[in-house]
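Each chain, letter by letter, is given below.
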2 protein chains.
Amino acid sequence: MSEITIVEIARRCGVGVSTVSRAINNHSDINPETKKRIMEVIRETGYIPNNSARNLKRTDAKCIAVLVRGITNPFFAPMIEVVEKEVEERKYALVMRHVESHEDEVDVALELEKEKRLRGIIFMGGAAKHSAEKIKQLSVPVVFATIGSDIADDLSRNEYSTVSVDDEKESFKVVEYLIGLGHKKIAILTEGSDTPSIVKLRLKGYLGALEKHGIKPDEKLIRYVDRRIYTFSNGYDTTKALIESGEKFTALYCISDVLAVGALRALADSGIKVPEDVSVVGYDGQEIAEYCVPRLTTLRQPMVDISKEAMKLLFSIIDKESGHKHIVFPGELIIGESTRKIK
Amino acid sequence: MSEITIVEIARRCGVGVSTVSRAINNHSDINPETKKRIMEVIRETGYIPNNSARNLKRTDAKCIAVLVRGITNPFFAPMIEVVEKEVEERKYALVMRHVESHEDEVDVALELEKEKRLRGIIFMGGAAKHSAEKIKQLSVPVVFATIGSDIADDLSRNEYSTVSVDDEKESFKVVEYLIGLGHKKIAILTEGSDTPSIVKLRLKGYLGALEKHGIKPDEKLIRYVDRRIYTFSNGYDTTKALIESGEKFTALYCISDVLAVGALRALADSGIKVPEDVSVVGYDGQEIAEYCVPRLTTLRQPMVDISKEAMKLLFSIIDKESGHKHIVFPGELIIGESTRKIK
DNA sequence: TAGAGCTATGGAAACGTTACCGGTAACGGT
DNA sequence: ACCGTTACCGGTAACGTTTCCATAGCTCTA
């Protein structure tokens, strides 16, 4: 443990601690020569100011936190790029935190808030419901990105912001597109956890579209992936199981592109041709959709727009130029090569 | 800003601050009833201990830091899973930090070290060379995962650990495999930055294999991707350029699976069949390699083993059960469907 | 019954910074 | 010769914790 402190530096330089502090934080009231001498000593001793002590005193550090559940999901990559750029532009510090599977993102935020002098928080991914009580404890503005506005029913909607697509509506659109192609036996790969989430909305959209067109939903065509984390293999296994169950289906709707890629492979391995035998559609519009074979039809969420808007909104709330809002972006159905009219 | 402090809690409860502290940290010397009363007040006021102040005093918090350059790269996903599990098992706290493109990971570590009471640091990804001077400033054990042992020539090898594959040797193996299939015109997609990195080693392995088999390397077949971040589109564009240059090649070696996936698409778009016309091989052994069409031949790094070993090693160094080491795992050539004997 | 040994508590000194408040010296202008 | 500035700098009080030490009230035991 580097035991050396600002006091030690001051002693070695034969100056007062405040002078050292001034040197470090390049304040004005200091002789350039003294400063040089001090910096010299600092460099050669390898002294680093203790941040805890700093934060304890300081009150002006401008910092925003971004908490991402499942930061390794490539879905977030373009969003994170935007965030980094935006934050740097405004001269804020950024702390990006991956929230682990067993952690509660709001708890993490709560902790972070005391540790750093946060000015705002952005949540990405994660559960769509949170305890209103907890969110209220957060004393800085909060915006949820990619998660719709019904995060906590019992929480006044103007205590937090959301920027997202309308998952139910977009999902509806996707399924209606498939129906328009003549599909009636449409299977869906979705997530089984019972925590309320955006995924539930996608399922709702699916059911809604079927209903509107008088197609009776078939329990057996609704498949749940095992784990909450989306992986190719998860999509693969679930699709395999679906195929082996012998249920007939002509289209497969995966609520995430990652699952869809796994599904494509499973279908191919079983000798089922896409799109000749089965049409496949994904959701999210990740980069991979363009690169798989066949190119995946998917619902693109405007990730960049969402994150840009989330940042803009957060900053304007911080600057009191705006109150909380709930912004909905339209999704875009990208037609790839994985879907076609039914024969 | 939640202005309420431990003093305030003490005041409201009519007890001393030390008693409150005892309650919070569930120490033994406290009347259960007092404790209950205090906890009650804490809950209803929403008080959260200030972590900066805490860390300033505390000296026993067991915490390890994991710094990942490009945490959104799916390559790290399985490694991060391991880390989380391992850390939790040992009852350490974990701070996982994404290091941004413009940051220096050692600087970030240095800062973190003062902020938290770190016991150890793991670096994943990132540059393969660091200033020895800086690394020495780190006062806790450091292990680099996926980065070989020549991180800083001028630094004594027993001041840090590494766990990785031998990138040069594995790369050699890959190219030799292609040569064994009869390929002579082997193009490579690599990275152009001049910061020393593991990628350089892979290029070296490529050149070495060619030389050993008496094949003269062709400048025009060595292609550099634009940006340091690997993306599908980066692989796509660079491959497109290669194809359009008219250079003849029968095999394409991409130093990352991500690039390879982009390459596959570019080849397909140009009507070049894989593996009939061109063999393609990747590197890393990411999950995607198994799911693309055709399945990618790739060099699998044992990500899970590497990260497990890295954790084990770090902990044993922390516990003084071991000194620094440099562990090399063998890679494994996974034969997919993207390579074949030349006609 | 005096002292020893608990249990539960409060007081206060750190931890390493920063920021405010003064103080000294030098210097120029009247 | 005096005063007002200015340029530097040092001392010290916070910041919110934890931890050591002291103490008060007990219960035991010899």
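The notes below deal with the structure included here. None of these values were measured; they are calculated from a predicted model.

Here we come to the relation of the copies chain B and chain A. Superposing chain B onto chain A takes a rotation of 180° combined with a translation of 0.1 Å along the rotation axis, leaving an RMSD of 0.3 Å. What the superposition gives is, in effect, a two-fold axis relating one chain to the other. A shared interface surface links the copies, since 98% of the contact residues of chain B are contact residues in chain A too.

Here we take up helix H8 (residues 167-180) of chain B. Residues and elements named next belong to chain B. Over its 14 residues, H8 runs 20 Å from end to end, which matches the ideal 20 Å to within 8%, given 1.5 Å per residue. The complete set of buried residues in H8 reads Asp167, Glu170, Ser171, Val174, Val175, Tyr177, Leu178 and Ile179. One or two positions beyond H8, positive phi appears at Gly182, with a value near 105°.

For the coordinates displayed, the defined rule picks out ten aromatic pairs over all chains. Ring geometry for Tyr291 of chain A and Phe232 of chain B: centres 5.4 Å apart, planes at 40°, overall tilted. Residue Tyr291 of chain A is found in helix H12 (residues 288-291), and its partner Phe232 of chain B is found in helix H10 (residues 232-244); the two belong to separate chains. Each member of the pair, Tyr291 of chain A together with Phe232 of chain B, is buried.

Of all residues adjacent to DNA strand D, which total 29 residues, the nearest are Gly16, Thr19 and Thr34 of chain A together with Ile6 and Tyr47 of chain B. By atom count, sugar and phosphate contribute 57% of the portion of DNA strand D lying within 4 Å of the protein. Within the contact set of DNA strand D, a phosphate oxygen lies 2.7 Å away from a side-chain nitrogen or oxygen of Thr34 of chain A. Asn25 of chain B places a side-chain nitrogen or oxygen 3.3 Å from a phosphate oxygen of DNA strand D. Looking at the surface near DNA strand D, the elements that each hand over two or more residues are helix H2 (17-24), helix H3 (32-45) and helix H4 (51-57) of chain A together with helix H2 (17-24) and helix H4 (51-57) of chain B. The class makeup of the residues in the surface near DNA strand D is eleven nonpolar, twelve polar and six charged.

Residues and elements named next belong to chain A. The interhelical angle for the contact between helix H1 (residues 6-13) and H2, taken along N-to-C directions, is 105°, at an axis separation of 8 Å. By the criterion of interaxial angle, the relationship of H1 to H2 is roughly perpendicular. Contacts from Ile6, Val7, Ile9 and Ala10 in H1 reach Val17, Val20, Ser21 and Ile24 in H2. When the residues that make up the contact of H1 with H2 are grouped by side-chain class, the tally is seven nonpolar, one polar and no charged.

A complete count under the given rule lists 26 salt bridges over all chains for this structure. Here Arg43 of chain A ties to Glu40 of chain A by a salt bridge, and the two come within 3.6 Å at their closest N and O atoms. Here Arg43 of chain A and its partner Glu40 of chain A are both found in helix H3, three residues apart, which amounts to about one turn of the helix. Owing to a relative accessible area of 52%, Arg43 of chain A belongs among the exposed residues under this scheme. The partly exposed category is assigned to Glu40 of chain A, whose relative accessible area is 37%. Between Arg295 of chain B and Glu337 of chain B there is a salt bridge; the shortest N-O distance is 3.2 Å. Pair noted here: Arg295 of chain B is in the loop between helix H12 (288-291) and strand E10 (297-300) and Glu337 of chain B is in the segment after strand E12 (332-334), with a separation of 42 residues, a long-range link.

About the thresholds
Residues numbered from 1 in each chain as written. Chains lettered and ligands numbered in written order. Predicted model: local features only at pLDDT ≥ 70, side-chain atom pairs only at ≥ 80, totals over all residues. Heavy atoms only, no water. Least-squares fit on C-alpha atoms with pLDDT ≥ 70 in both. Contact = heavy atoms within 4.5 Å. Helix = DSSP H or I, 4+ residues; strand = E, 2+ residues; numbered from the N terminus. Expected span 1.5 Å × (residues − 1). Buried < 20%, exposed > 50% of the residue type's maximum accessible area, 1.4 Å probe, protein only. Phe/Tyr/Trp six-rings, centres within 6.5 Å; stacked < 30°, edge-to-face > 60°. Near = heavy atom within 4 Å. Polar contact = N/O pair within 3.5 Å; in protein donor to acceptor, adjacent residues only side chain to side chain. Nonpolar A, V, L, I, M, F, W, Y, C, P; charged D, E, K, R; others polar. Axes fitted to C-alpha atoms, helices over the stretch in contact; angles between N-to-C directions. Parallel < 35°, antiparallel > 145°, perpendicular 65-115°, else oblique. Salt bridge = Lys/Arg side-chain N within 4 Å of Asp/Glu carboxyl O.

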